[in-house]
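Coordinate inspection notes
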Amino acid sequence: MGRLEQYLQRIGYPSSLEPGSGSSSLEPNLKTLTALHRAHLGAIPYENLDIHLGRPLTLDFEAIFEKIVLNRRGGWCYEQNSLLAWALRELGYEVRMISGAVGRDAKGELAEGNHLALLVQLEQPYIADAGFGDGPLEPIPLREGTYRQGFLEYRLSREGERWFFYNHPYGGAQGFDFTPKARHISEFAERCHYLQTSPESGFVRTTVCQTLTPDSLVTLRGAVLKTLTAAGEHQRTLESEAEYARVLREVYGLELPQVGQLYARVLERHRLWLQGDTAA
């Protein structure tokens, strides 16, 4: 089995001809791009758990493929969008990596490159982003406007060459700014290292898992599980290691032998958070 087929199986995407149509479900067009984007997000969770297990996160594609596809894990933006970019290029799409800046107002130039997104060229450019965690379910045309997907709404605006993606109001981050300039994966190395090692990084302070479907966004931040639907938000705290392991397995499809070690750290930081320690 080739690697592309392994990826398609991982996201549950059919690689055969569409019944009765005579056309392939893998033709490099907007319909395929949208379906792949949805399938990827539905099958592969956003997660940063390796940081809290002492495992370095890499930009090496072979390691990313093994982790996400073969070992059925999730990942963060550098991993998720590296994998998606590879798959799209294998299918014949023209894809460029672009540098996003989350929180530039507070961080200044230190924010540059703290997010990796994709720009896919069809009849016009589309932003594809499987690595924002709670971002868009489908690609968004690179065109100013408001875009509603399911029960969530996103917005794009532009000032000169710089674009601004505004996430839905319930997002963990408000969005990011970017330019369409093509970047090489190596240009993200410094930010990738900083975000997984600095005590100032939110990725270091808190574990997070997210999965996005057309009907819901389910976020596990530390020990707090939050489900968002069109009907509103529901939140609860996971009270035991067994419950934590069950949610990882049933909601996010993650089987971790080190779940006990991970939950002990999550629980300790949750207790510090309850005591008002904002660094927890």
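Residues numbered from 1 in each chain as written. Predicted model: local features only at pLDDT ≥ 70, side-chain atom pairs only at ≥ 80, totals over all residues. Heavy atoms only, no water.

**Some points on the pattern of salt bridges**
Basically, it comes down to this: Every case where a carboxyl oxygen of Asp or Glu lies within 4 Å of a side-chain nitrogen of Lys or Arg is listed as a salt bridge. Helix and strand assignments come from DSSP, with helices taken as H or I runs of at least 4 residues and strands as E runs of at least 2, each series counted from the N terminus. Burial classes follow relative accessibility: with a 1.4 Å probe on protein chains only, a residue under 20% of its type's maximum area counts as buried, one over 50% as exposed, and anything between as partly exposed.
Going through the model one piece at a time under the given rule, you end up with 15 salt bridges. With a closest N to O distance of 2.9 Å, Glu79 and Lys67 form a salt bridge. Here Lys67 lies in helix α3 (residues 61-70) and Glu79 lies in helix α4 (residues 77-90), a separation of twelve residues in the sequence. Summarising the burial analysis for this pair, Glu79 and Lys67 share the class buried. A network of salt bridges, in which partner residues are shared, links Glu47, Asp50, Arg55, Lys67, Arg73 and Glu79.

**Some thoughts on the packing of helix α1 (residues 3-11) against α3**
Pairs of packed helices are described in terms of their axes, by the angle between the two and the distance that separates them. How we decide: Think of each axis as a best-fit line through the C-alpha atoms, taken over the contacting stretch in the case of a helix, with angles from 0 to 180 degrees between the N-to-C directions. Any angle between 65 and 115 degrees counts as roughly perpendicular, while under 35 counts as roughly parallel, over 145 as roughly antiparallel, and the rest as oblique. The sense of a crossing depends on the near helix, which, turned anticlockwise from the far helix by less than a right angle, makes the crossing left-handed and, turned clockwise, makes it right-handed. Here a residue-residue contact requires only that any non-hydrogen atoms of the pair lie within 4.5 Å.
The N-to-C vectors of α1 and α3 enclose an angle of 40°; their axes lie 10 Å apart at closest approach. Judged on the interaxial angle alone, α3 and α1 are oblique. Helix-helix and strand crossings are classified by hand; for α1 and α3 the assignment is left-handed. For the pair α1 and α3, the contacting residues are Arg3, Gln6, Tyr7 and Arg10 in the first and Phe61, Glu62, Phe65, Ile68, Val69 and Leu70 in the second.

**Quick look at the confidence of the model for the chain**
One rule of thumb: low pLDDT means the predicted coordinates there are not for detailed reading. Filter applied, for reference: Known as pLDDT, the predictor's per-residue confidence is scaled from 0 to 100.
Taken residue by residue, the chain gives an average pLDDT of 93. The fraction at 70 or more is 95%. Ignoring residues within four places in sequence, the model shows residues 17-22, a span with pLDDT below 50, making seven contacts including any to other chains.

**A word on the sheet that holds strand β6 (residues 145-149)**
Inclusion rule: The pairing criterion is simple: DSSP has to find at least two bridges between the two strands.
Taken together, eight strands build an open sheet; the order of strands is β5-β4-β3-β2-β9-β8-β7-β6 and the sheet is antiparallel. The sheet is open, and its two borders are formed by β5 (140-141) and β6, each paired with just one other strand. By the bridge criterion, five bridges tie β6 to strand β7 (residues 152-159) in an arrangement that is antiparallel. Looking at the pairing, Thr146 lines up with Arg155 of β7.

**Focus: α3**
In an α-helix there are 3.6 residues to a turn, and that puts residues three or four apart on one side. Turning to α3, its buried residues are Phe61, Ile64, Phe65, Lys67, Ile68 and Val69. Each element contacted by the buried residues of α3 is listed here: α1 and α4. Following α3 by one or two positions, Arg72 has its phi on the positive side, about 55°.

**What to know about the sheet that holds strand β11 (residues 217-221)**
Two orientations exist for strands paired in a sheet by backbone hydrogen bonds: parallel and antiparallel. Here five strands make up an open sheet; going across it, the order is β1-β10-β11-β12-β13 and the pairing antiparallel. Strands at the two margins of the open sheet, each flanked by one partner only, are β1 (46-47) and β13 (232-237). Where β11 and strand β12 (residues 224-229) come together, five bridges link them in antiparallel fashion. For Arg221, the partnering residue across the bridge sits in β12 and is Val224.

**Focus: the side chain of Ser99**
Defined as follows: Definition of a polar contact: a pair of N or O atoms within 3.5 Å, with one able to donate and the other able to accept a hydrogen when the atoms are protein atoms, and with sequence-neighbouring residues admitted only if both atoms are side-chain atoms.
In this structure, Ser99 sits in strand β2 (residues 94-101). Overall, the relative accessible area of 4% leaves Ser99 in the buried class. Only 2.5 Å separates the side chain of Ser99 from the side chain of Glu112, close enough to count as a polar contact. At 3.1 Å, the side chain of Ser99 and the backbone nitrogen of Gly113 are in polar contact.

**Brief notes about the environment of Glu47**
Tracing the backbone shows Glu47 in strand β1. A relative accessible area of 1% means that Glu47 is categorised as buried. Taking the C-alpha atoms as reference, Glu47 lies 5.6 Å from Val208; in sequence the two are 161 residues apart. Here Glu47 is in contact with Arg73, Gly74, Gly75, Trp76, Val208, Cys209 and Leu254, once residues within four sequence places are set aside. In terms of polar contacts, Glu47 uses its side chain to reach the backbone amide nitrogen of Leu49, at 3.1 Å. Reaching out from Glu47, the side chain makes a polar contact with the side chain of Arg73 at a distance of 2.8 Å.

**Comments concerning the packing of aromatic side chains**
We describe a pair of aromatic rings using the distance from one ring centre to the other and the angle between the two ring planes. Quick reminder of the rule: Any two of the Phe, Tyr and Trp rings considered here, Trp counted by its six-membered ring, make a pair once their centres fall within 6.5 Å; the pair's planes then place it as stacked at under 30 degrees, edge-to-face at over 60, or tilted in between. Sitting over a ring, as applied to charges here, requires NZ of Lys or CZ of Arg to be within 6 Å of the ring centre and within 35 degrees of the ring normal.
A full pass over the atoms with the stated rule returns 14 aromatic pairs. Look at Tyr7 and Trp86: their rings are 6.4 Å apart centre to centre, the planes differ by 90°, and that puts the pair in the edge-to-face class. With a gap of 79 residues between them, Tyr7 in helix α1 and Trp86 in helix α4 connect regions that are remote in the sequence. According to the relative accessible area criterion, Trp86 is buried, its value standing at 14%. Between Tyr78 and Phe188, the ring centres sit 5.9 Å apart and the planes meet at 55°, which makes this aromatic pair tilted. Within this pair, whereas Tyr78 is found in helix α4, its partner Phe188 is found in the loop between β9 (175-178) and α6 (189-197), the two being separated by 110 residues in sequence. In this structure, Tyr78 and Phe188 share a single accessibility class: buried. An aromatic cluster of at least three residues, connected via ring pairs, comprises Phe132, Tyr154, Phe165, Phe176 and Phe178. Its end group placed over the ring of Tyr166, Arg155 keeps NZ or CZ at 4.0 Å from the ring centre. Above the plane of the ring of Tyr194 lies Arg191, whose end atom (NZ or CZ) is 4.5 Å from the centre.

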